[in-house]
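Topology and contacts: notes
Listed below, chain by chain, are the residues.
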Amino acid sequence: MHWQSVSEFLAMGGRGAFVWGSYGVGLGLIALELWLLRRRQRSSLRRLSRLQQLERQKDRP
Amino acid sequence: MNFFRFSSPQTFYPLAGRLVPLFAALAAACAVAGLYIGFFVAPSDAVQGEVYRIIHLHVAAAWMSMFIYLVMAFWSAVGLGLGTRLSFYMTQALAPTGAMFCFIALWTGALWGRPTWGAYWVWDARLTSQLLLLFLYFGFIALTRAIDDPRRADKAGAIIALVGAVNVPIIYFSVTWWNTLHQGASVKPGGSSMASVMLWAMLLCALAAWFYSLAVSLARARRIILERERHTEWAAAEIARRGAGGRAD
Amino acid sequence: MTLFVHVLLRDLRLAWRARSDLLVALSFFVIVASLFPFGVGAEPERLRAIGPGVVWVAALLAALLALPRLFEKDAEAGVLEQLLLSPEPAVLWVAAKIVAHWLATGLPLVLLSPLLGLMYRLEGAGLGVLAAGLLLGTPVLSLVGAIGAALTLGLRGAGSLLALLVLPLFVPVLVFGAGAVEAWSAGMGVSAQFSLLGGGLLAALALAPFACAAALRLAAE
Amino acid sequence: MTLFVHVLLRDLRLAWRARSDLLVALSFFVIVASLFPFGVGAEPERLRAIGPGVVWVAALLAALLALPRLFEKDAEAGVLEQLLLSPEPAVLWVAAKIVAHWLATGLPLVLLSPLLGLMYRLEGAGLGVLAAGLLLGTPVLSLVGAIGAALTLGLRGAGSLLALLVLPLFVPVLVFGAGAVEAWSAGMGVSAQFSLLGGGLLAALALAPFACAAALRLAAE
Amino acid sequence: MLDIRQLACQRGDRLLFSHLDLTVAPGELWRIAGANGSGKTSLLRLLAGLAQPAAGEIRWRGEPLARQREAFHAALLYIGHTPALHDLLTPGENLAFACAASGLAATPARREAALNALGLARQLELPCQVLSAGQRRRVALARLALASQRPLWLLDEPFTALDVHAVAALAAQIDAHCAAGGSVIFSSHQEGGLRTPLRVLDVEARAR
Amino acid sequence: MLDIRQLACQRGDRLLFSHLDLTVAPGELWRIAGANGSGKTSLLRLLAGLAQPAAGEIRWRGEPLARQREAFHAALLYIGHTPALHDLLTPGENLAFACAASGLAATPARREAALNALGLARQLELPCQVLSAGQRRRVALARLALASQRPLWLLDEPFTALDVHAVAALAAQIDAHCAAGGSVIFSSHQEGGLRTPLRVLDVEARAR
Ligand code: HEM
Ligand SMILES: Nc1ncnc2c1ncn2[C@@H]1O[C@H](COP(=O)(O)OP(=O)(O)OP(=O)(O)O)[C@@H](O)[C@H]1O
Ligand SMILES: Nc1ncnc2c1ncn2[C@@H]1O[C@H](COP(=O)(O)OP(=O)(O)OP(=O)(O)O)[C@@H](O)[C@H]1O
Ligand SMILES: [Mg+2]
Ligand SMILES: [Mg+2]
């Protein structure tokens, strides 16, 4: 193992802000994309099935 | 094998549904392995110290951002040439992910540049062309969102993706030339030869990004397909099935 | 072919009838270029260094500003529908509209540019290089810009969407155009830049009208 | 007073509904600012010198580009006529429209400016001075620009005529705004520039809505 | 209520009409007639105070218009040639805004009822951009149902683009307004199916 | 001549009509009827080839439209909702351009005669901007007089904004065209004073 301690790992040789700033924002964006994707998927499905029901109701009478 | 069979949304939809979890799992595995090697196995760099570890995310994102634009251009050409709707759906499903990777490449590059070059931003040719690529992505997304009629959005997006793709190499070469014309060899990314562990970590991360893009774009394409094909019988049945359960798998 | 001529003449006549516009677009060009000394200070050395770049950026923005009007009025009035229903091929009149647009908005910029070059202390043949570069470059801006104008026709916020779409594509023109003047100032040859600009112009001439016609067909749907 | 709120909310809702516009206007700001290095070359020293000027000019052009839309859609649709027939005084809703316009187009520029400053190698408090100057200056651009937008409403070539009318009026704002950053870089105080900008803002706030309302009344006739 | 004396209207070089006199009493229904281009729209804009006459005077309740702009506008409902809708807003939002602009107080429920009554129930969520010509016109006319308190209605070609049902409904609405003591002045090329006694003002006859 | 099979039209989420069949023979006069928003304008745009159908096919002289765009457009005259005029051009210039665009050959004298016949003699020198609604419409309709050779006319609400004389003149023109073997398809809310036997296509009946 390359690191002696957790704090050394976090410090990244004094450049922690840059390294973790990169990974934090990068992985954060990926998480955000996944969350948005899931939310869009849900809301889209809800909208589609509501529309479908509306159209069925119209066809019936 | 019949190419056109899979170009029909109806056959593509369930196939994509089966592929999404597979690619997602592969992406996660590659990412974990790559980051582990990158952070715990690879030694620190002789010149840059620890900060070089940004490279794994940076290069993976930079490669993906360029590759995705090419794929979008490819699907656009197919769509305009053969009139397959699915190609347009794929183009639109890819764009947000490409833009995101493009932004990540810029962001990580900027954060890397500060400790190594002493500035967040220099007007280097590669950096600049990456910035312009981000604008091309934004343009594509803004254009397709601004058009309400989906069929017009499809084709307009395809036209701008192709025009942009023709211009990407032109932009790249012109800014390279512009830059070297003025100030000779400026600071260039890379340069130090890489240890093979680092290379492994980098490749694994790039692979992770690749599988991630596949999974996300297929999932997005599935949603687009349902929205756009909802008047067809199979899609209506699918909506009824999933809508009734209230589950979005 | 007669449709080409008809459309060209009509658009030129319209440009002439709204000729205060022409004056105004030119003034925009001049004003943008003359704003810079206010922003960056007036040291002659600095001005000479940024001169060609500023003139080119001003030309590019002036071209951009004129673009949204290229098809807008016709589309709103329903003239575009009529043109699309014409028995003659669409590239014909699309090309005519682009040519007329360049004659009305691009050419005056070219003619006026030496004046601005003088303001930034460019000299002699340098002014010629600047104008020649613009003569090759501005048609490319009109041609590529027309695609953007057709794609954004009738959309909300079309003007700035258009800017977002086409400005990245204008960058190479800017680089070679401003680069030519700098190369000349540095005592180097300019044939490389000019042949690249010329090549770009030919390529844009061959492709842009088709892309533009396809985009217009979409916009009318 | 309720009309003020109604108009403000409606215009903000419209801006939100066309929010891709916002992204686009911001991109325009960024793109214009990043065009300059292509034109003038990438030497850090030169870039640092022209940085504040470029950011201010870009902000000014972005503000300018958004202006024609301020009353245009309303006038075309006949909404303006309806507002003029309102029993409440016209300055009220005119002010609301201007405030909404600034919130949607000016404020984002202010928030984004430090990023561009970074690209031009400005540092630390210099970025703050740049943003603060824009915070005082962009409302003046919106207020003064609104008069121009009202005066040119419905005229042919309104966009560039507008540019011609208001750009000279924007010059003082540009000079003080960019001047503040330069003064700060040179180690001098910035209070003189800021108090001038602030004074301009107060004067514009007091006068512009009235001028604008009068101009709109004329335009509708 | 509304008194017009020796009114003249000039557009460009051309004097459209002059020496036009008219007195509108409460409950009266006036149709402005005349061939295309004879000046109907121009006259309505003069009456609404959107343009200034070349000669003559318009008085509202005895006072000249110019001196009591706000009081007059609080008594007026003007619906022009174009429907005055913003393309990106839904019918409901457009109507809410139009009410606020003309100072009409109306609850959201009443506004929605007005739109539903005009057969726009299915279009409530759409941006007005995609509505058909007649549907856009209906959104503009929905204001009438909320403006029964306004003593004067000025309507420029209210029947265009409407289908037969909508024309009948609008005619009934105008009749009801007149019956309740309001005055309506409208321009139109057709007589329409109105039951209130119709007074016709022919601008063409006043042309020089 | 024109054959429509199982045509469907979709706008946004909404299927306006489907399974629409129609055959138009030479000399026939068709009126498209239907309430506001039922899809008349949308149908006419489909027939003109300006929009693509969601399903079904349109054939012109036995061939699908898409395969003979130019031949079809050379046989067609389409006049839409809006008059398609440029605000800064005079009526004469607008008409000349419209003729060039739709490939109609006409001498300047014939064009001027067409405008005069529509009562625009006094407006020949004005920019179209200042014309009244009806006058603008007339400039657009002037093309009909020059297009008697075109076998198919598609007219979207041709009678709106016209005064009674103009309506009568237009009806006579349509009758003459049908008598000479041309076909006319128009949308309208009124029956109009046409003498040719009128066939009515009700798009509303085809709605889902
Ligand atoms: C905002 C700033 C930056 C941007 C936009 C950027 C962009 C890119 C792009 C587009 C690539 C892929 C290009 C290719 O593979 O040919 C790349 C690769 C790379 N970048 Fe950056 N970069 C930035 C800053 C940096 C910095 C500061 C460093 C290190 C000092 C760096 C090191 C590298 C390395 C080592 C590679 C891999 C090169 C290779 O595989 O050939 N980058 N970058
Ligand atoms: N600048 C001008 N010079 C000459 N005549 C003008 C000018 N501006 C407008 N006109 C004329 O003024 C008249 C305007 O008429 P207006 O719009 O009031 O007619 P209208 O009765 O509403 O007609 P329509 O039935 O067609 O709606 C038109 O005849 C027009 O030609
Ligand atoms: N994006 C959309 N989503 C849902 N419905 C839409 C959309 N776009 C258009 N529509 C509907 O399509 C119809 C368009 O009708 P069209 O303009 O063809 O009507 P029309 O018969 O010509 O009516 P009018 O008599 O009013 O002119 C309208 O009902 C409109 O609401
Ligand atoms: Mg009128
Ligand atoms: Mg219609």
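Bear in mind that the values here come from a model prediction, so they are computed numbers and not experimental data.

Quick look at the overall build of chain A now. The helix and strand tally for chain A stands at two helices and zero strands. A total of 61 residues make up chain A; the buried ones form 34% of that total.

The next point concerns unusual backbone geometry. The backbone phi angle of arginine 61 of chain E is positive, close to 50°, even though this residue is not glycine. Along the chain, the position of arginine 61 of chain E falls in the loop between strand S4 (55-60) and strand S5 (63-64). The phi dihedral of histidine 19 of chain F is positive, around 55°, even though this residue is not glycine. Relative to the helices and strands, histidine 19 of chain F resides in strand S2 (residues 14-24). Overall, histidine 19 of chain F belongs to the exposed group, its relative accessible area being 54%.

The next point concerns the sheet that holds strand S1 (residues 2-11) of chain F. Residue and element names in this part refer to chain F. Pairing in this open sheet of four strands is antiparallel, and the strands run S2-S1-S4-S5 from one edge to the other. The outermost strands of the open sheet, each flanked by one partner alone, are S2 and strand S5 (63-64). Pairing of S1 with S2 involves seven bridges; the strand directions are antiparallel. Bridging from a neighbouring strand, isoleucine 4 pairs with leucine 22 of S2. This element, helix H1 (residues 40-48), spans S1, S2 and strand S4 (55-60) of the sheet and lies at about 125° to S1.

Six octahedral donors at a metal ideally form angles of 90 or 180 degrees, and four tetrahedral donors ideally form angles of 109.5 degrees. Protein coordination of the iron atom of ligand 1 rests on one atom only, His58 of chain B (NE2), at 2.1 Å. Looking at where histidine 58 of chain B falls in the secondary structure, it is placed in helix H3 (residues 55-82).

Residue and element names in this part refer to chain E. As far as domains go, chain E holds domain 1 (1-75 + 151-208) and domain 2 (84-147). Once you take the C-alpha centre of each, domain 1 and domain 2 turn out to be 24 Å apart. Contacts between domain 1 and domain 2 engage 13 residues on the former and eight residues on the latter. Taken over both partners, the interface formed by domain 1 and domain 2 buries close to 820 Å², and the fraction arising from carbon and sulfur atoms is 61%. In this assembly, domain 1 and domain 2 are joined by one salt bridge.

On to the site of ligand 2, then. As a matter of local geometry, ligand 2 sits amid 23 residues, with Lys40, Thr41 and Ser42 of chain E together with Ser132 and Gly134 of chain F nearest to it. More than one chain reaches ligand 2: the nearby residues come from chains E and F. Here an oxygen atom of ligand 2 and a side-chain polar atom of arginine 14 of chain E are 3.2 Å apart. Backbone polar atom of glycine 37 of chain E to an oxygen atom of ligand 2: 2.8 Å apart, as the coordinates give it.

This brings us to the interface of chain A and chain B. Think of interface size as the accessible area that goes away when the parts come together; that is how it is often given. Counting residues at the interface gives 32 residues for chain A, matched by 39 residues for chain B. Note on chain A versus chain B: buried area summed over both sides is about 3400 Å², and carbon and sulfur give 68% of it. Counting across the interface, chain A meets chain B through one salt bridge. Notably, a salt bridge pairs glutamate 33 of chain A with arginine 220 of chain B, separated by 2.8 Å at the nearest N-O pair. Between chain A and chain B we count eight residue pairs in polar contact (both at pLDDT 80 or more) in total. For the side of chain A that touches chain B, the leading source of residues is helix H2 (residues 16-59) of chain A, giving 25 residues. Among the residues forming the side of chain A that touches chain B, the class breakdown is 16 nonpolar, nine polar and seven charged.

So, about the packing of helix H5 (residues 133-146) of chain E against helix H6 (residues 164-179) of chain E. Residues and elements named next belong to chain E. The contact between H5 and H6 brings their axes to 11 Å, and the two run at 25°. Viewed along their axes, H5 and H6 adopt a mutual orientation that is roughly parallel. Crossing angle aside, the handedness with which H5 passes H6 is left-handed. Residue-level contacts link Arg138, Leu141, Leu144 and Ala145 of H5 to Ala166, Leu170 and Gln173 of H6. Partitioned by chemical class, the residues of the contact of H5 with H6 number five nonpolar, one polar and one charged.

Contact residues are listed per partner, giving 27 residues for chain E and 25 residues for chain D. The largest per-residue losses of area from chain E upon contact with chain D belong to Leu50, His86 and Phe97 of chain E, which jointly make up 25% of the total buried on that side. Applying the counting rule to chain E against chain D returns two salt bridges. With a shortest N-O distance of 3.8 Å, glutamate 93 of chain E and arginine 13 of chain D are connected by a salt bridge. On inspection of chain E and its partner chain D, the count reaches four residue pairs in polar contact (both at pLDDT 80 or more).

What follows deals with helix H3 (residues 44-66) of chain D. One turn of an α-helix holds 3.6 residues; hence residues three or four places apart share an orientation. All names here are of chain D. With 23 residues, H3 should cover 33 Å at 1.5 Å per step; its first-to-last C-alpha distance of 31 Å lies within 8% of that length. Considering bend angle alone, the principal kink of H3 is centred on isoleucine 50 and spans about 50°; proline proline 52 follows within four residues of it. The buried fraction of H3 is high, at 18 of 23 residues.

On to the environment of leucine 26 of chain B. Residue and element names in this part refer to chain B. Mapped onto the elements of the fold, leucine 26 is located in helix H2 (residues 9-41). You can call leucine 26 partly exposed: its relative accessible area is 33%. Expressed as a C-alpha distance, the spacing of leucine 26 and tyrosine 212, which sit 186 residues apart in the sequence, is 8.2 Å.

Our next topic: the sheet that holds strand S3 (residues 29-33) of chain F. Residues and elements named next belong to chain F. Strand order in the open sheet formed by five strands is S6-S7-S8-S3-S9, and the pairing between neighbours is parallel. Across the chains shown, the open sheet's two edge strands, defined by having one partner strand only, are strand S6 (76-79) and strand S9 (198-202). Ignoring strand direction, the axes of neighbouring strands in this sheet form an average angle of 15°. The sheet contact formed by strand S7 (residues 152-156) and strand S8 (residues 183-187) spans five bridges and is parallel. The residue of S8 that forms the bridge with leucine 152 is serine 183. Its contacts with the sheet put helix H5 (residues 133-146) on S6 and S7, and the angle it makes with S6 is roughly 170°.

Within soluble globular proteins, side chains that are nonpolar generally end up buried alongside one another. In this structure, Trp93 and Leu167 of chain C, Trp93 of chain D, Ile185 of chain E together with Ile185 of chain F are the most contacted members of the largest nonpolar core, which totals 345 residues. Here the element with the most residues in this core is helix H8 (residues 158-185) of chain C; it accounts for 18 residues. When sequence neighbours within four positions are dropped, the list of residues in contact with tryptophan 93 of chain C reads Leu3, Val7, Leu80, Leu83, Leu84 and Leu216 of chain C.

Our next topic: the state of the cysteines. Inspection of every chain in the model, using the stated rule, returns zero disulfides over all chains. The thiol of cysteine 102 of chain B is not disulfide-bonded; the next cysteine sulfur, from cysteine 205 of chain B, is found 18 Å away. Free cysteine cysteine 9 of chain F: the closest other cysteine sulfur is in cysteine 128 of chain E, separated by 19 Å. Taking relative accessible area as the criterion, cysteine 9 of chain F reaches 5% and is therefore assigned buried.

Next up on the list: a nonpolar patch on the surface. Residue and element names in this part refer to chain B. Taken together, the side chains of Trp63, Met66, Leu199 and Leu203 make up a nonpolar region of the molecular surface, amounting to roughly 370 Å² of accessible area. When residues of the nonpolar patch are traced back to their parent elements, those giving at least two are H3 and helix H7 (196-228). Within the secondary structure, leucine 199 is located in helix H7. Judged by its relative accessible area of 38%, leucine 199 is partly exposed.

By number of contacts, the leading pair among the 13 pairs of chains in contact is chains A and B. Here chain A and chain C are not in contact; the least distance found between their C-alpha atoms is 23 Å.

All names here are of chain D. Inspection of the secondary structure puts alanine 183 in helix H8 (residues 158-185). We classify alanine 183 as buried; its relative accessible area is 7%. Each C-alpha atom, one on alanine 183 and one on valine 129, is 9.9 Å from the other, the two residues being 54 residues apart in sequence. Excluding residues within four positions of it along the chain, alanine 183 makes contact with Met188, Gly189, Val190 and Gln193.

Our next topic: the confidence of the model for chain E. Low-pLDDT portions of the prediction should not be read for the details of their coordinates. Residue and element names in this part refer to chain E. Per-residue confidence for chain E averages 90 on the pLDDT scale, and 100% of its residues sit at or above 70. Here helix H2 (residues 69-74) stands out as the element of chain E with the lowest mean pLDDT, 87, in contrast to strand S8 (residues 183-187), whose mean of 95 is the highest. We note a pTM of 0.84 for the whole complex and an ipTM of 0.81 for its interfaces.

Definitions and limits used
Residues numbered from 1 in each chain as written. Chains lettered and ligands numbered in written order. Predicted model: local features only at pLDDT ≥ 70, side-chain atom pairs only at ≥ 80, totals over all residues. Heavy atoms only, no water. Helix = DSSP H or I, 4+ residues; strand = E, 2+ residues; numbered from the N terminus. Buried < 20%, exposed > 50% of the residue type's maximum accessible area, 1.4 Å probe, protein only. Pairing = 2+ DSSP bridges. Contact = heavy atoms within 4.5 Å. Axes fitted to C-alpha atoms, helices over the stretch in contact; angles between N-to-C directions. Donors = N, O, S within 2.8 Å, 3.2 Å for Na, K, Ca; no water. Domains from an automatic or database assignment. Buried area = accessible area lost by both parts, 1.4 Å probe. Salt bridge = Lys/Arg side-chain N within 4 Å of Asp/Glu carboxyl O. Near = heavy atom within 4 Å. Polar contact = N/O pair within 3.5 Å; in protein donor to acceptor, adjacent residues only side chain to side chain. Nonpolar A, V, L, I, M, F, W, Y, C, P; charged D, E, K, R; others polar. Parallel < 35°, antiparallel > 145°, perpendicular 65-115°, else oblique. Left-handed = near helix turned anticlockwise from the far one by under 90°. Expected span 1.5 Å × (residues − 1). Bend = angle between axes of the 7 residues up to and from the residue. Core = buried A, V, L, I, M, F, W, Y, C linked by side-chain atoms within 4.5 Å. Disulfide = S-S within 2.5 Å. Patch = residues over 30% accessible without salt bridge, like charges linked within 9 Å, V, L, I, M, F, W, Y side chains within 5 Å. Areas by Shrake-Rupley, 256 points an atom, 1.4 Å probe, with all protein chains shown as cover. pLDDT = per-residue confidence, 0-100.

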